[in-house]
Amino acid sequence: MSAAPTVTPTQREPQLLGQKVVVIGGSAGIGLETARHARAEGAEIILTARDPERLEHAAQELDAISTSAFDAGDPDSLARFFDDLPAPIDHLMLSGGGPYYAPLAELDLEQVRQDIDRHLLLPVQVARHAVGKVRPGGSLLFISGTGGRRRGVGLTFIGAVTAALPALVANLALEVAPIRVNVVAPGFVDTPLSAALLGDGLDDRRDELRATLPNGRVVGPADVAALAVHLMTNTALTGATYDVDGGQQLV
Ligand SMILES: NC(=O)c1ccc[n+]([C@@H]2O[C@H](COP(=O)([O-])OP(=O)(O)OC[C@H]3O[C@@H](n4cnc5c(N)ncnc54)[C@H](OP(=O)(O)O)[C@@H]3O)[C@@H](O)[C@H]2O)c1
């Protein structure tokens, strides 16, 4: 007598099997978690960040094929990184440092200039370097934030940069097509950056978010990473900004 038919669990192919994913700013937080998700989907990972020790630690965890320790804000180092990058790359995420907030009277113009470089010129440079390195149909992914859409004292500059990025990315998507270009816009994400910014206030902030966010929980790096991997794999998506903030901007 033949055995009773067994139910086969639904299985799917890893979505990034054999693909190469670069994460600039990939040794912590959103970048590292995106690299983890991409690795779990079969991707080979290339990581960069400034601190070589933390970078090496992340690279070992993910069995990264290569790493490069440099400041992405330095145009020459960025150019050298891309020169050395073996083509074809499938997807590239640019993560990095946090925003600059200050009330008008305290705005440090040098810091403002550096922040314009980091938030607007850096994505433009990355897009230029990506042509010829990222394959057609591959993707670039930048990070913005929904917090910068609020209006308030101290938010003048981050508000302007946040408003500019969707327009910049939509145009870049036309400029570098068929490479796709998108932005993820998180609210609060529970990362080392948030911990550093909030210090002793971190737990109170988490409690406040649990009590007030429409989704009822704190958004973590894995939430952003899942969206990032979707943006890498869904070839219908380009030129757009995707919010991932648990509804924070609504309350
Ligand atoms: N966390 C949030 O709530 C939140 C919300 C909205 C948007 N964002 C944005 O998301 C991005 C990532 O935030 P995160 O919370 O994941 O930060 P994070 O935990 O501090 O991680 C940042 C990563 O980028 C690297 N990095 C920072 N500056 C760099 C530079 N100049 N060149 C190369 N690598 C650099 C860091 O390593 P090294 O320090 O060793 O370089 C680290 O690997 C930031 O742009 C942030 O503004 C974050």
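Predicted, not measured: the structure shown is a model, and the values here were computed from it. (Residues numbered from 1 in each chain as written. Predicted model: local features only at pLDDT ≥ 70, side-chain atom pairs only at ≥ 80, totals over all residues. Heavy atoms only, no water.)

**Student:** How should I be thinking about the sheet that holds strand β1 (residues 20–24) in this particular structure?
**Tutor:** Backbone hydrogen bonds hold the strands of a sheet together, and the pairing may be parallel or antiparallel. If you trace the seven strands from one edge of the open sheet to the other, you get β3-β2-β1-β4-β5-β6-β7, paired in parallel fashion. Here the strands that pair on one side only, and so sit at the sheet edges, are β3 (66–69) and β7 (241–244). Ignoring which end each strand starts from, the neighbouring axes of this sheet average 15° apart. Pairing geometry for β1 and strand β2 (residues 44–49), over five bridges, is parallel. Along β2, the bridge assignment pairs Val-21 with Ile-45. Sheet strands touched by helix α4 (residues 109–130): β4 (89–94) and β5 (134–143). Its angle to β5, the strand with the most contacts, is close to 170°. Contacts from helix α5 (residues 156–175) reach β5, β6 (180–186) and β7 within the one sheet, and its direction differs from that of β6 by about 160°. (Pairing = 2+ DSSP bridges. Helix = DSSP H or I, 4+ residues; strand = E, 2+ residues; numbered from the N terminus. Axes fitted to C-alpha atoms, helices over the stretch in contact; angles between N-to-C directions. Contact = heavy atoms within 4.5 Å.)

**Student:** Before we go on, may I ask you to explain unusual backbone geometry in this structure?
**Tutor:** A negative phi angle characterises most non-glycine residues, just as the trans form characterises most peptide bonds. Note that the residue after Ala-87, namely Pro-88, is joined by a cis bond; omega there is 0°. Relative to the helices and strands, Pro-88 resides in the loop between α3 (75–84) and β4. Positive phi outside glycine occurs at Asp-63, with the angle close to 50°. Mapping Asp-63 onto the fold places it in the loop between α2 (52–62) and β3. In this structure Asp-63 comes out as exposed when scored by relative accessible area, which is 55%. (Buried < 20%, exposed > 50% of the residue type's maximum accessible area, 1.4 Å probe, protein only.)

**Student:** What should I look at first to understand the site of the ligand in this one?
**Tutor:** Taken together, 28 residues sit near the ligand, with Ser-27, Ile-30, Arg-50, Val-189 and Thr-191 positioned nearest. Backbone polar atom of Gly-187 to an oxygen atom of the ligand: 3.4 Å apart, as the coordinates give it. Between the ligand and the protein, one listed contact pairs an oxygen atom with a backbone N or O atom of Leu-193 at 3.3 Å. With the chains in place, 88% of the 880 Å² that the ligand exposes on its own is no longer accessible. Of all elements in the fold, only α1 (29–40) and α6 (192–198) reach the threshold of two or more residues within the shell around the ligand. The element best represented in the shell around the ligand is α6, accounting for three residues. In the shell around the ligand, the residues fall into 12 nonpolar, 12 polar and four charged. (Near = heavy atom within 4 Å. Polar contact = N/O pair within 3.5 Å; in protein donor to acceptor, adjacent residues only side chain to side chain. Areas by Shrake-Rupley, 256 points an atom, 1.4 Å probe, with all protein chains shown as cover. Nonpolar A, V, L, I, M, F, W, Y, C, P; charged D, E, K, R; others polar.)

Everything listed is a geometric property; what it means functionally is a separate question.
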